[in-house]
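The primary structure of each chain is shown beneath.
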Amino acid sequence: MLYLDTAATTPVRREALEAAWPYLTGTFGNPSSHHTVGEAAARGLEDARRRVAAVLGARRSDIVFTASGTEAANLAIRGLALATPRGKHLVTAPTEHEAVLESISFLQRVHGFEVSFVDVGADGIVTPEALRAVLRADTTLVSLALANNEIGAIADIPALAAAAHETGALLHTDAVQAAGWVDLRDLGADALTISGHKLGAPKGIGVAAIRGRLPLEPLVHGGGQENGRRSGTENVAFAVALAVALELSEAERAQKVARIGPLRDAFLARVLTAREGVLLTGPPAAETGPDGRSARLPAHASFCVPGLSGESVLLDLEERGVVASSGSACAAGSDEPSHVLTALGIPREVAQTAVRFTLGAEVSAAQLDAAALAVEEVLAAT
């Protein structure tokens with residue numbers, strides 16, 4: 001079985017499991033306890049916080065451990081918006097992950113915030129000019145992803161953050177899909193969120209990196225853990241696992257991108273010619289941003305196949321040993337077409353034919369050759 005759905009989740013790395021194990025066994029203490037058992041756990045937690053901060057180019061005190069990337073996004077968006085008295089206007093893009101869109105919808109419904117959606121290009125890219133067109137003097141927060149989970153589009157977050165800061169607004173970026181593939185330092189964002197299980201840590205751990213001493217309204221109230229930003233006894237073992245997985249992903253990033261990118265390009269070329277009318281969604285692999293960097297995640301390939309059922313294509317591929325997806329696992333089972341694809345102007349009936357392949361770091365040329373052959377066979381037979 002060839003698993004090509006790493007945007008949904010990744011296998012847990014052995015190194016992360018081994019690092020976590022002592023905190024599930026001998027060093028099991030509550031890090032808030034003031035005795036030797038608790039203090040040992042606290043040291044492990046703070047070491048994990050330091051290591052995560054180093055990869056993100058943040059300060060140790062910026063790091064807040066959460067139970068998921070979704071909780072981290074909620075904390076960053078709701079926490080910053082509610083704690084910042086500057087105004088009640090928010091900006092986001094219609095292509096954002098549900099965790100972002102639903103957090104903003106909550107603020108709109110319950111707290112009376114106004115929301116503006118920035119125009120997105122047909123390739124899924126938001127430009128600084130498009131962002132400036134919707135910013136206002138009372139804009140409190142902008143939330144734009146560093147990389148889109150469904151189409152792989154990479155945003156120029158430094159330029160977007162600079163545009164937001166021109167009006168005094170804060171910027172949060174959802175970096176869940178970008179972690180391990182894009183440099184997360186020096187982005188200029190005020191808040192950045194990641195999820196452990198996207199880069200080899202167990203499910204159930206995330207991080208919100210909140211810049212400096214920005215005021216933040218907690219989502220979870222209680223004992224005041226995480227410097228008062230997220231109450232609840234910390235999951236020390238999984239925080240340690242995330243730190244190890246993140247460090248390894250960053251250390252391997254340059255070599256991984258250089259190897260996987262050309263393999264993905266060859267796979268893309270075969271799928272696009274496997275059947276007339278196959279539509280690439282998101283930016284072409286060769287497209288670059290203003291900084292010369294590729295505008296698409298190197299391990300990401302996504303298509304629509306007009307005239308076919310995307311789910312049928314996925315079932316036929318799985319029978320041939322290839323596992324992929326139709327888009328976000330968070331929206332799996334819905335009969336509605338992808339909100340990301342329809343926001344790009346793709347008709348609803350075409351959006352429902354979406355297929356997404358996301359490659360793991362260890363995938364080989366031979367495996368992708370076999371996957372491309374399976375795609376060719378499925379598309380030729382239907």
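What you see is a predicted model, and the numbers here were worked out from it, not measured in a lab.

Q: Run through the layout of surface pockets, naming residues and quoting values.
A: Here the largest pocket defines a volume of roughly 590 Å³. For the largest pocket, the lining is made up of 29 residues, of which Thr6, Thr10, Leu359, Gly360 and Ala361 are closest to its centre. Contributions of two or more residues to the lining of the largest pocket are made by strand E1 (2–3) and helix H7 (236–272). Ranked by residue count, the leading element in the lining of the largest pocket is H7, at three residues.

Q: Describe the pattern of salt bridges, with residues and values.
A: Under the criterion given, the structure shown has 25 salt bridges. As a salt-bridge pair, Arg50 and Asp47 come within 2.4 Å of each other at their nearest N and O atoms. Of this pair, Arg50 and Asp47 both sit in helix H2 (residues 36–56), three residues apart, which is roughly one turn of that helix. With relative accessibility at 28%, the residue Asp47 sits in the partly exposed group. What emerges from the salt-bridge pattern is a single network uniting Glu46, Arg49, Arg60 and Glu226.

Q: I'd like to hear about the packing of aromatic side chains, residue by residue, with values.
A: In total, this model carries two aromatic pairs according to the counting rule given. Ring centres 5.0 Å apart and planes at 75° place the aromatic pair Phe267 and Phe357 in the edge-to-face group. Of the two residues, Phe267 is situated in helix H7 and Phe357 in strand E12 (residues 354–358); the sequence distance between them amounts to 90 residues. As far as the burial class goes, Phe267 and Phe357 line up, both buried. Centroid distance Phe303 to Phe357: 6.2 Å. Interplanar angle 70°. Geometry classified as edge-to-face. Within this pair, whereas Phe303 is found in strand E10 (residues 300–304), its partner Phe357 is found in strand E12, the two being separated by 54 residues in sequence. Owing to a relative accessible area of 2%, Phe303 belongs among the buried residues under this scheme. A connected cluster of aromatic rings, assembled from ring pairs, spans Phe267, Phe303 and Phe357. Sitting over the face of the ring of Phe106, Arg78 holds its NZ or CZ atom 4.0 Å from the ring centroid.

Q: I'd like to hear about the nonpolar core, residue by residue, with values.
A: Among the nonpolar cores identified, the biggest contains 102 residues, and Leu131, Phe267 and Phe357 are the most heavily contacted of them. The dominant element in this core, judged by the number of residues it contributes, is H7, at 16 residues. Setting aside residues up to four positions removed in sequence, Leu131 forms contacts with Val91, Val118, Val142, Leu144, Leu160, Ala163 and Ala164. Ala72, Ala81, Ile104 and Ile210 belong to the second largest nonpolar core, which has 20 residues in total.

Q: Can you break down the sheet that holds strand E7 (residues 191–195) residue by residue, with the values?
A: Overall, mixed pairing links the seven strands, which are arranged E2-E8-E7-E6-E5-E3-E4 in an open sheet. A single partner strand is all that each edge strand has here, and the edge strands are strand E2 (63–66) and strand E4 (114–117). Geometrically, the sheet is characterised by an average inter-axis angle of 20° between neighbouring strands, direction not taken into account. As judged from the three bridges shared by strand E6 (residues 170–174) and E7, these two strands associate in the parallel manner. From the neighbouring strand, Thr173 faces E7, where its bridge partner is Leu192. The strands touched by helix H3 (residues 69–83) are E2, strand E3 (89–92), strand E5 (139–143), E6, E7 and strand E8 (206–210); relative to E7, the strand with the most contacts, the crossing angle is about 165°.

Q: Could you give an account of helix H1 (residues 14–24), with specific residues and numbers?
A: Every buried residue of H1 is listed here: Ala16, Ala19 and Ala20. Down the axis of H1, the buried set is contained in an arc of 95°. They therefore lie on one face. In this structure, H1 carries Arg14 and Trp21 as exposed residues pointing more than 90 degrees from its buried face. Residues of H1 that are buried make contact with H7.

Criteria and thresholds
Residues numbered from 1 in each chain as written. Predicted model: local features only at pLDDT ≥ 70, side-chain atom pairs only at ≥ 80, totals over all residues. Heavy atoms only, no water. 1 Å grid on protein atoms, 1.4 Å probe; cavity = no way out; pocket = protein on both sides within 12 Å on 5 of 7 lines; lining within 4 Å. Points joined across faces, edges and corners; volume = space filled by probe spheres on them. Helix = DSSP H or I, 4+ residues; strand = E, 2+ residues; numbered from the N terminus. Salt bridge = Lys/Arg side-chain N within 4 Å of Asp/Glu carboxyl O. Buried < 20%, exposed > 50% of the residue type's maximum accessible area, 1.4 Å probe, protein only. Phe/Tyr/Trp six-rings, centres within 6.5 Å; stacked < 30°, edge-to-face > 60°. Lys NZ or Arg CZ within 6 Å of the ring centre and 35° of its normal. Core = buried A, V, L, I, M, F, W, Y, C linked by side-chain atoms within 4.5 Å. Contact = heavy atoms within 4.5 Å. Pairing = 2+ DSSP bridges. Axes fitted to C-alpha atoms, helices over the stretch in contact; angles between N-to-C directions. Arc of directions from axis to C-beta.

Interpretation in functional terms is not warranted from these geometric data alone.
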